[in-house]
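Here are the chains, one letter per residue:
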Amino acid sequence: MTGHEQGVPIQQMRRDKRIDPEHRMRLDAAIHRQGRGWFTGREGGRPWQLSRTNRVMACFGALAILLLISPLLVGLALIIKFTSPGPVMFVQKRTGYRGRKFGMYKFRTMVANAEELKESLRHLNKHGVDAIDFKIDKDPRITRIGGFLRRTSLDELPNLINVVTGDMRLVGPRPTSFNAYRYKDNHLARLAIYPGMTGLWQISGRSNIDFDQRVELDLSYIAEQSLLLDLKILLKTPFKVFSGHGAS
C-alpha cells in the first residue's frame, strides 16, 4: 500500500490502453515470456493468472464476498462519513496489467486534502526523498478511523469491485500508484499479469521492504503461479491481516 491517496472523480476515470511505441517495446521485451498453459502444460499457453478460469472464479468469488460482507461495508462507510469530512470512498489511479491505468476503489483513510500535503512531507519518505515508492511512518494525514482501516486492511475491501470488473484478480502483485514509465526495466515483468488484492508480499510479513524487494516477490509468484498457490495465499492472508503483519 502506498502512503498517499490521490482520488479522481469516477466519471473522469477511463482505462488507459494507449501506450507509446517505445514504451510498448520495453514492456514487450520484459514480459514476452508467458510460460506454459496452466491446465495443459502446453508451451506458450495461458498461465493460471491470465486464464479464463481464473477470471471467472475471481469474479464470482468477489461477488460472493461482497454479498457476505455488505453489512460490514455499510457500517464502515457510515463511520467514515460521520468521523471526518470528505467522501467515503475514492477512486485512485493505479497501474495494472501491461501498464494500463485503471481506477482502484478504496475506503478513504486520509484527510480530504492529503494529496495537496504530499510534497510538504516528501522529506519524511522512509524510502528516500527521490524514491519511486512513497510511504511515511505515522503519516499525519491519516484519520483516526483511517489508521484502524489500514492496520486491518479493511480500507482495501472495495478492491473487490475491481475484481468483478476485471481490472484486478484476488491474487497478484499490488498495483502501483505510479505509472509504468517510472518502472526500471527489471520492474516491468511484474506487469505480465493482473494486479491482485493480496499476494506473496502480503503474507510474507515484510511490510518495510522497498520496491525492488517487492518486485522479487512478485516475480517469484509469476514464476510459480497456480490455483493451489492462490488458495494457499488466500487462506494465509486473513491470519496475516489480523496479526498486523504487512499492514502500514
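Here is what the cut-offs are and how they apply
- Residues numbered from 1 in each chain as written.
- Predicted model: local features only at pLDDT ≥ 70, side-chain atom pairs only at ≥ 80, totals over all residues.
- Heavy atoms only, no water.
- UniProt positions renumbered as here; feature names shortened; annotations may be inferred.
- Helix = DSSP H or I, 4+ residues; strand = E, 2+ residues; numbered from the N terminus.
- Buried < 20%, exposed > 50% of the residue type's maximum accessible area, 1.4 Å probe, protein only.
- Pairing = 2+ DSSP bridges.
- Polar contact = N/O pair within 3.5 Å; in protein donor to acceptor, adjacent residues only side chain to side chain.
- Contact = heavy atoms within 4.5 Å.
- Core = buried A, V, L, I, M, F, W, Y, C linked by side-chain atoms within 4.5 Å.

Peer 1: Looking at this model, I keep getting lost on the UniProt feature "transmembrane region" (unreviewed entry) in the protein chain. Mind explaining?
Peer 2: Taken from the UniProt record, the annotation "transmembrane region" (unreviewed entry) applies to residues 56–80. Helix makes up 96% of residues 56–80 and strand 0%. Its end C-alpha atoms lie 32 Å apart.

Peer 1: Could you clarify how one ought to interpret the pairing of strand β2 (residues 89–95) in this entry?
Peer 2: Consecutive side chains of a regular strand alternate in pointing toward one face of the sheet and then the other. Of all seven residues in β2, five are buried, a share of seventy percent or more. Bridge count between β2 and strand β3 (residues 101–107): seven bridges; the pairing is antiparallel. Bridge assignment links V91 to a residue of β3, and that residue is Y105.

Peer 1: Even after reading the chapter, I still don't get the side chain of S84, so can you show me in this structure?
Peer 2: Note that S84 resides in the loop between α3 (70–83) and β2. There is a polar contact of 2.9 Å between the side chain of S84 and the side chain of R108. The contacts of S84, once residues within four sequence positions are left out, are R108 and T143.

Peer 1: Is there a simple way to explain the nonpolar core in this structure?
Peer 2: The tendency in soluble globular proteins is for nonpolar side chains to be buried as a group. Counting residues in each nonpolar core, the largest one holds 35 residues, and the members touching the most others are F107, L149, L160, V163, L170, Y221 and I233. Ignoring any residue separated from it by four or fewer positions in sequence, one finds V163 in contact with R55, A58, C59, A62, M168, R169, L170 and M197. If you look at the next biggest cluster of nonpolar residues, it comprises 11 residues, including L27, F178, L188 and A192.

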